[in-house]
Amino acid sequence: MTSNDAAAARDLPQFETTSNPILAAPGEPLVIVENVEKHYGDFHALKNINLTVNKGEVVVVIGPSGSGKSTLCRTINRLETITSGEIRIDGKELPSEGKTLAALRADVGMVFQSFNLFAHMSVLRNITLGPTKVRGRAKAEAEAEARALLDRVGVLEQADKMPAQLSGGQQQRVAIARALAMKPKVMLFDEPTSALDPEMINEVLDVMVKLASEGMTMIVVTHEMGFARRAADRVVFMADGEIVEEATPHEFFTNPKSDRAKDFLSKLLTN
Ligand SMILES: Nc1ncnc2c1ncn2[C@@H]1O[C@H](COP(=O)(O)OP(=O)(O)OP(=O)(O)O)[C@@H](O)[C@H]1O
Ligand SMILES: [Mg+2]
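On a predicted model such as this, the values are computed, not experimentally measured, just so you know. (Residues numbered from 1 in each chain as written. Chains lettered and ligands numbered in written order. Predicted model: local features only at pLDDT ≥ 70, side-chain atom pairs only at ≥ 80, totals over all residues. Heavy atoms only, no water.)

Enquirer: So what's going on with the pairing of strand β4 (residues 84-89)? Residues and values would help.
Expert: In this structure, strand β1 (residues 29-40) lies alongside β4, joined through five bridges in antiparallel fashion. Paired with Glu-37 across the strands is Ser-84, a residue of β4. Bridge count for β4 against strand β5 (residues 92-93) is two bridges, and the pairing is antiparallel. Bridging across to β5, Ile-89 finds its partner in Lys-92. (Pairing = 2+ DSSP bridges. Helix = DSSP H or I, 4+ residues; strand = E, 2+ residues; numbered from the N terminus.)

The structure is reproduced here in structure tokens:
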């Protein structure tokens, strides 16, 4: 948490969050996490996690460092196995390995804090790789779609450059385009702006807000409270591996129920 977060939050338009439908549920359940437990050896990282994300819903996950936010994202994408419980994406349980896993994992787009672009490939190739190799798309078609996606995130003119030639904000927008190229059903973002210089944070958040408004189902781990207020249907607050509280952004920011959340929010405001 930095003062930049607070500054960015102030700079964003503060939309009237009370007009959000209560725990907006525009669609059917898309991601269902049920009684999930995760241990790393003796360490209990996720404790009885239950979370349902509906189609088109934007859920922001916040909480102190070490509370299990990244672990939750990684288990939803099966980058991490679970000890017990069940995770279903669009009605299908995620297997722990194999071909079905590869197919189902492609339904979940993931954007990390570090941009994770393939350094030795052009921006365009970064985006067409998945669709041509995993989805079996023809090269020309994949390239046309990749250009359309780059245009959508505002970096079309960077298509033929190498990742290192782009700014952090541009790279992160390419990473978003790359995830979208797989036509995921849900997008997971794990602190997508934390590694960015302050002046680049909003260009990435703007792309995410646009995605949200277009109806993408999103789970977003972020400390950007401005984004949560602006785009989230629901805030999930985690502490010590548990979901402690779930509420609309308006409810959560104006009237947090738990002491943990009150404490967390007070630190955010004073930092
Ligand atoms: N591979 C691992 N082996 C052992 N412990 C791990 C592993 N990955 C995470 N943990 C532990 O699990 C807990 C949750 O980690 P996680 O990365 O999910 O937290 P987080 O909420 O994302 O924190 P941050 O805000 O710092 O990113 C931490 O205590 C961490 O040390
Ligand atoms: Mg994390």
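Enquirer: Could you give an account of the pairing of strand β9 (residues 234-239), with specific residues and numbers?
Expert: Most of β9 is tucked away: six of the six residues are buried. On β9, burial covers both faces: Arg-234, Val-236 and Met-238 on one face and Val-235, Phe-237 and Ala-239 on the other are all buried. With five bridges joining them, β9 and strand β10 (residues 242-247) adopt antiparallel strand pairing. The residue of β10 that forms the bridge with Val-235 is Ala-247. Turn length for the β9-β10 hairpin, with the two strands adjacent in sequence and antiparallel, is two residues, and the turn residue Asp-240 shows positive phi of about 50 degrees. (Buried < 20%, exposed > 50% of the residue type's maximum accessible area, 1.4 Å probe, protein only.)

Enquirer: I'd like a rundown of the nonpolar core, residues and numbers included.
Expert: Counting 53 residues, the largest nonpolar core has Ile-176, Met-187 and Met-218 as the members making the most contacts within it. Here the element with the most residues in this core is helix α7 (residues 198-213); it accounts for nine residues. The contacts of Met-187, once residues within four sequence positions are left out, are Gly-109, Val-111, Ile-176, Ala-179, Leu-180, Leu-211, Met-216, Thr-217, Met-218 and Ile-219. Judged by nonpolar contacts, the second largest core, of 27 residues, contains Ile-87, Leu-101, Leu-104 and Met-238. (Core = buried A, V, L, I, M, F, W, Y, C linked by side-chain atoms within 4.5 Å. Contact = heavy atoms within 4.5 Å.)

Enquirer: Requested: an account of the packing of helix α4 (residues 123-133) against helix α6 (residues 168-180), with residues and values cited.
Expert: At a closest axis distance of 8 Å, the pairing of α4 and α6 adopts a crossing angle of 25 degrees. Relative to α6, α4 is oriented roughly parallel. Between α4 and α6 lies a crossing whose hand is right-handed. Listed contacts from α6 to Val-123, Asn-126 and Ile-127 of α4 are Val-174, Ala-177 and Arg-178. Its residues placed into classes, the contact of α4 with α6 shows four nonpolar, one polar and one charged. (Axes fitted to C-alpha atoms, helices over the stretch in contact; angles between N-to-C directions. Parallel < 35°, antiparallel > 145°, perpendicular 65-115°, else oblique. Left-handed = near helix turned anticlockwise from the far one by under 90°. Nonpolar A, V, L, I, M, F, W, Y, C, P; charged D, E, K, R; others polar.)

Enquirer: Outline the confidence of the model for the protein, supporting the account with residue identities and numerical values.
Expert: Of all residues in the protein, 89% have pLDDT values of 70 or greater, and the mean over the chain is 88. Note on residues 1-25: pLDDT under 50 across the span, and 38 contacts to partners over four residues away in sequence or across chains. (pLDDT = per-residue confidence, 0-100.)

Enquirer: Got a sec to walk through the site of ligand 1? Specific residues and values, please.
Expert: Close contacts around ligand 1 come from 13 residues, with Ser-65, Gly-66, Lys-69, Ser-70 and Thr-71 the closest. Contact distances for ligand 1 include 3.1 Å between an oxygen atom and a backbone N or O atom of Ser-67. The separation between an oxygen atom of ligand 1 and a polar side-chain atom of Glu-191 is 3.4 Å. Notes on ligand 1: free accessible area 630 Å², of which the protein chains cover 61%. If you list the elements that add at least two residues to the shell around ligand 1, you get β2 (43-54) and α2 (69-76). Element by element, the count of residues in the shell around ligand 1 is highest for α2, at four residues. Residues of the shell around ligand 1, tallied by class, amount to four nonpolar, six polar and three charged. (Near = heavy atom within 4 Å. Polar contact = N/O pair within 3.5 Å; in protein donor to acceptor, adjacent residues only side chain to side chain. Areas by Shrake-Rupley, 256 points an atom, 1.4 Å probe, with all protein chains shown as cover.)

Enquirer: Could you give an account of empty space enclosed by the protein, naming the residues involved and the relevant values?
Expert: For the structure on display, the rule yields one cavity of 30 Å³ or more. There is about 40 Å³ of room inside the largest cavity. If you trace the largest cavity, you find it lined by Arg-152, Val-153, Leu-180, Val-207, Lys-210, Leu-211 and Glu-214. The leading source of residues in the lining of the largest cavity is α7, at three residues. Among the residues making up the lining of the largest cavity, the classes are represented as four nonpolar, no polar and three charged. (1 Å grid on protein atoms, 1.4 Å probe; cavity = no way out; pocket = protein on both sides within 12 Å on 5 of 7 lines; lining within 4 Å. Points joined across faces, edges and corners; volume = space filled by probe spheres on them.)

Enquirer: How would you sum up the packing of aromatic side chains? Please name residues and give values.
Expert: Within a pair of aromatic rings, the relevant descriptors are the distance that separates the centres and the angle that separates the planes. Taken as a whole and assessed by the stated rule, the structure comprises three aromatic pairs. Consider the rings of Phe-252 and Phe-253, whose centres lie 5.5 Å apart with planes at 75 degrees: the pair is edge-to-face. For the pair formed by Phe-252 and Phe-253, the shared burial category is buried. A connected cluster of aromatic rings, assembled from ring pairs, spans Phe-237, Phe-252, Phe-253 and Phe-264. The ring of Phe-118 carries the charged tip of Arg-178 above its face, separated from the ring centre by 4.8 Å. (Phe/Tyr/Trp six-rings, centres within 6.5 Å; stacked < 30°, edge-to-face > 60°. Lys NZ or Arg CZ within 6 Å of the ring centre and 35° of its normal.)

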